[in-house]
Amino acid sequence: MADDELAAFRERWKQELDCKTDKRQLVHSSGSFPGRRDSQNRYFEDIRHGTGQDSGPSKSEARSCTDEKGCDGGRQEAGESKFEPQYVSIASSLLDGRTSPLLDRIEEERTRRKRRYENMTNACSSALQQQQQLQKRANKGQRLLDQLIDDLNEVNDIPFFDIDLPYELALKIFQHLGCTDLGRCAQVSKAWKILAEDGVLWFNICKREGYHQDASVSDSPCWKSTLRDCRNSDQTVRSNWKNRVGSISQLQFELGKVLCDVSSCDSFVLAGYTSGDVRLWDTLHWDSTASYLKANSLSANSEPRPYVSHVQVNSTLAAAAYEDGCVDLWSTETGGEPIHHYQSAGRIQALALSPDSPTLASAAGPDVRLDQPDDRGYWRTLCQAQLPKAVNSVVLVPGRGQQCPLAAVAAGEAVYLLDPRAEEPRTLHSVYGHPVTCLDASDSHAALGVKSSGWAMHDGGNKIQVYCLETSQLAVGVGNSAGDFTCINLRDSPPHLLVCGNKDRRVRVFDLRTGSSVASLYAHHLGVTSVQADDWKIVSGGGEGLVCVWEMRMGAKLWEMHNRHPVRHVRFNSSTLVTANIPDEKSPRGACITDDDLTAHRRHRGVVCHYDFSEDATSQDHVLPICRSNYAESYGYNYNIGLVVPYDLV
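Let me begin by describing the structure that accompanies this report. (Residues numbered from 1 in each chain as written. Predicted model: local features only at pLDDT ≥ 70, side-chain atom pairs only at ≥ 80, totals over all residues. Heavy atoms only, no water.)

1. Some points on the overall build of the chain
Logical step 1: Assigned secondary structure in the chain consists of twelve helices and 32 strands.
Logical step 2: Per-residue burial for the chain yields a buried fraction of 40% across its 650 residues.
Logical step 3: Carbon and sulfur atoms make up 51% of the accessible area of the chain, which amounts to about 37700 Å² in all. (Helix = DSSP H or I, 4+ residues; strand = E, 2+ residues; numbered from the N terminus. Buried < 20%, exposed > 50% of the residue type's maximum accessible area, 1.4 Å probe, protein only. Areas by Shrake-Rupley, 256 points an atom, 1.4 Å probe, with all protein chains shown as cover.)

Structure representation (structure tokens):
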């Protein structure tokens, strides 16, 4: 029953669909007249082929359609399939009995979407790959660009002028480079290597660093190697200084009795004794005949012979002043007889010799005089001046060269500048009630220690005043101490630094640019008597006889040496050190120093020590003066045959 009803339903639905299809075809044909066009086309085709309208069907029509019903059915099915809507096909599928009419369309949609997704994925992947390739190319291009910029910067740092510019002009440019830069330039090319290793460049560097100041370019075949050797030698010398490695020599003159004064310059050491003798040592040539300096006939023939009160020496001259007011001047090259001599009315209170010119200054009481040789070599008095008070100290300003000499004179509470071209001495400093305790001068400034007393002690205590020599104005005031300043070293100190010693047992280093203290060292318990400093070390001497070597940056004591008497002289250069322990008592009580007993009272005589820290001083070939003695001199037997270091150096 159910199957019959279902079949009847399908039949009725199919008829309704056929009716709707026919109506739609009628409406469509009435609107567009497709049948008339088909008949007209068929009519004209028949005429074109020579057949009439009533002729039978063609062979193709006969083959394709066996009967009229079959042809009409085929046309009807083609028209239906062409004009039927989508829901009709769905319904037809349902009427044919298919259970899943949408399966094909769903499968087609899935295939289409899958193909579309694959196309999009492939397009995205290809675009991504293309973008990555472009990024890689851009990164590679950026790296190449950065490398090119670095290369260009490196090229710009070293201009290419080795071909375009002349050799002399290239040297002009290269002379502004240091050792490190020249070494880098030598690795650029062969032409630059020739420029960077030119002897003139390295010769100028040697002179700029302080080596071989008096040499010429032709003195060395390779100035680069010379500079390297000098630097290595400096490192060795500095290590020897710090570790106290080297040789120690005692410069003694047994016939001289008690030591009175000592001065040193470069390799020369000059000493004066109570016997009236003056002894000169050349530490580079121990057997020099200039070591024996004879006194003038007036002092040599007087009985007893006067003491030597002051001695001064530079690279060409040696001077000595005696207690009777006589002043002798010798040449360090020839020695022997004095080349200049004069007599003062009173005792010589101060004696000064210019370190770089043949100029001698002396002061006896309030009278000051300057002596200098003329063009023919004859010594003349340049000027004389009389000050209001007795002179305490005289300092000749260094660095004047061929200019007119200039002397700084301290007298009581005032400091004067003595210029031979001026009629009267010029007052540099004068404060009533504040005496000057010490004085020193460089080529542009003068430093003096001022003692404060009374109400001035509440203003910071004793100070050091530094004046400009050109303007005579106070440049800076440093120091703040309750003790008196006993020694100042401005001439031999590094630029912009001043080192001084005080009775409060301290050694101080001041920066003149800021007026601040760079170092303050507790050094000597009896006060500081002599001091000198360079760029890394300080050497100080005290009243207790102790010589101390300090490292300035760390403020640490490297080593010390002790002798019996106060240290009155300390002078060093790059590789040598000269110290002098001078007794305060020239005629010690209970001492009988005679020519027959030269070894009885050695502890009363004082001692001059020479320290050599150079490289060759530590070699086996270095021979001390004691070992070169032939024991023929009258004082030769005083040496110890076993070459044992004296007890006061242990």
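2. Focus: the packing of aromatic side chains
Logical step 1: Here the structure, examined in full by the defined rule, presents eight aromatic pairs.
Logical step 2: Judged by centre distance (5.7 Å) and plane angle (80°), the ring pair of Phe174 and Trp192 falls under edge-to-face. Of this pair, Phe174 sits in helix α7 (residues 167–174) while Trp192 sits in helix α9 (residues 190–196), and the two are 18 residues apart along the sequence. Take Phe174 and Trp192: they sit in the same class, and that class is buried.
Logical step 3: One aromatic cluster in this structure is built from Trp241, Trp559, Phe572, Tyr611 and Phe613. (Phe/Tyr/Trp six-rings, centres within 6.5 Å; stacked < 30°, edge-to-face > 60°.)

3. Side note on a nonpolar patch on the surface
Logical step 1: On the surface, Leu165, Leu169 and Ile173 cluster together to form a nonpolar patch covering roughly 210 Å² of accessible area.
Logical step 2: In this fold, Leu165 is placed in the loop between α6 (103–157) and α7. (Patch = residues over 30% accessible without salt bridge, like charges linked within 9 Å, V, L, I, M, F, W, Y side chains within 5 Å. Salt bridge = Lys/Arg side-chain N within 4 Å of Asp/Glu carboxyl O.)

4. Focus: the side chain of Ser442
Logical step 1: Turning to its location among the elements, Ser442 is positioned in the loop between β18 (436–441) and β19 (445–450).
Logical step 2: Judged by its relative accessible area of 10%, Ser442 falls in the buried class.

5. A word on the sheet that holds strand β23 (residues 497–502)
Sheet strands pair by backbone hydrogen bonding; their relative direction is either parallel or antiparallel.
Logical step 1: Across the sheet, which stays open at both edges, the four strands sit in the order β22-β23-β24-β25 with antiparallel pairing between neighbours. What marks the edges here is a single partner per strand, and that holds for β22 (485–489) and β25 (516–522). Ignoring strand direction, the axes of neighbouring strands in this sheet form an average angle of 20°.
Logical step 2: For strand β24 (residues 506–511) and β25, the ladder comprises six bridges, and the chain directions are antiparallel. The residue bridging Val507 from the neighbouring strand is Leu521, located in β25. (Pairing = 2+ DSSP bridges. Axes fitted to C-alpha atoms, helices over the stretch in contact; angles between N-to-C directions.)

6. Description of the sheet that holds β18
Logical step 1: The strand order across the open sheet built from four strands is β18-β19-β20-β21, with neighbouring strands paired in antiparallel fashion. Of all strands in the sheet, those with a lone pairing partner are β18 and β21 (474–481), marking the two edges. Neighbouring strand axes in the sheet, compared pairwise and without regard to direction, differ in orientation by 15° on average.
Logical step 2: Where β19 meets strand β20 (residues 462–468), six bridges bridge the pair, whose relative direction is antiparallel. For Ala446, the partnering residue across the bridge sits in β20 and is Tyr467.

7. Focus on the nonpolar core
Logical step 1: Ranked by size, the top nonpolar core spans 19 residues in total, and within it Phe174, Leu182, Ala196, Trp202, Trp223 and Leu227 carry the most contacts.
Logical step 2: Those elements that place two or more of their residues in this core are α7, α8 (179–185), α9, α10 (199–208) and α11 (223–243).
Logical step 3: Considering every element that reaches this core, the biggest residue donor is α10, with five residues.
Logical step 4: With residues near it in sequence (within four places) discarded, Leu227 still touches Cys179, Trp202, Ile205, Cys206, Glu209 and Tyr211.
Logical step 5: With 18 residues, the next largest nonpolar core counts Ala363, Cys383, Val394 and Ala407 among its residues. (Core = buried A, V, L, I, M, F, W, Y, C linked by side-chain atoms within 4.5 Å. Contact = heavy atoms within 4.5 Å.)

8. A look at α10
Logical step 1: Every buried residue of α10 is listed here: Leu201, Trp202, Phe203, Ile205 and Cys206.
Logical step 2: Against α7, α8, α9 and α11 lie the buried residues of α10.
Logical step 3: Taken from the residues just after α10, Gly210 is the one with a positive phi, measuring 95°.

9. Re the pairing of strand β10 (residues 350–353)
Logical step 1: On β10, burial covers both faces: Ala350 and Ala352 on one face and Leu351 and Leu353 on the other are all buried.
Logical step 2: Of the strand pairs in this sheet, β10 and strand β11 (residues 360–364) are connected by four bridges, and their pairing is antiparallel. Its bridge partner lying in β11, Leu351 is registered against Ser362.
Logical step 3: Here β10 hands over to β11 after six residues, the two strands then running antiparallel side by side.

10. As for unusual backbone geometry
Logical step 1: Unusually for a residue other than glycine, His212 sits at a positive phi of about 50°.
Logical step 2: Following the sequence through the fold, His212 ends up in the loop between α10 and α11.
Logical step 3: The exposure class assigned to His212 is partly exposed, which follows from its relative accessible area of 39%.
Logical step 4: Positioned with a positive phi, Ser472 is a non-glycine residue whose angle comes to about 60°.
Logical step 5: Note that Ser472 resides in the loop between β20 and β21.

11. Let's talk about the pattern of salt bridges
Logical step 1: Taken as a whole, this structure holds 17 salt bridges when the rule is applied.
Logical step 2: Residues Lys242 and Glu551 are paired through a salt bridge, measuring 4.0 Å at the closest nitrogen-oxygen approach. Linking Lys242 in helix α11 with Glu551 in strand β28 (residues 546–551), this pair joins segments that are 309 residues apart in sequence.
Logical step 3: Exposure remark for Lys242: the relative accessible area of 33% places this residue in the partly exposed category.
Logical step 4: The salt bridge involving Lys537 is made with Asp534; its shortest N-O contact spans 2.6 Å.
Logical step 5: Lys537 gets classed as buried once you look at its relative accessible area, which sits at 2%.
Logical step 6: Look at the salt bridges and you will find they share partners, linking Lys193, Glu197 and Lys224 into a network.

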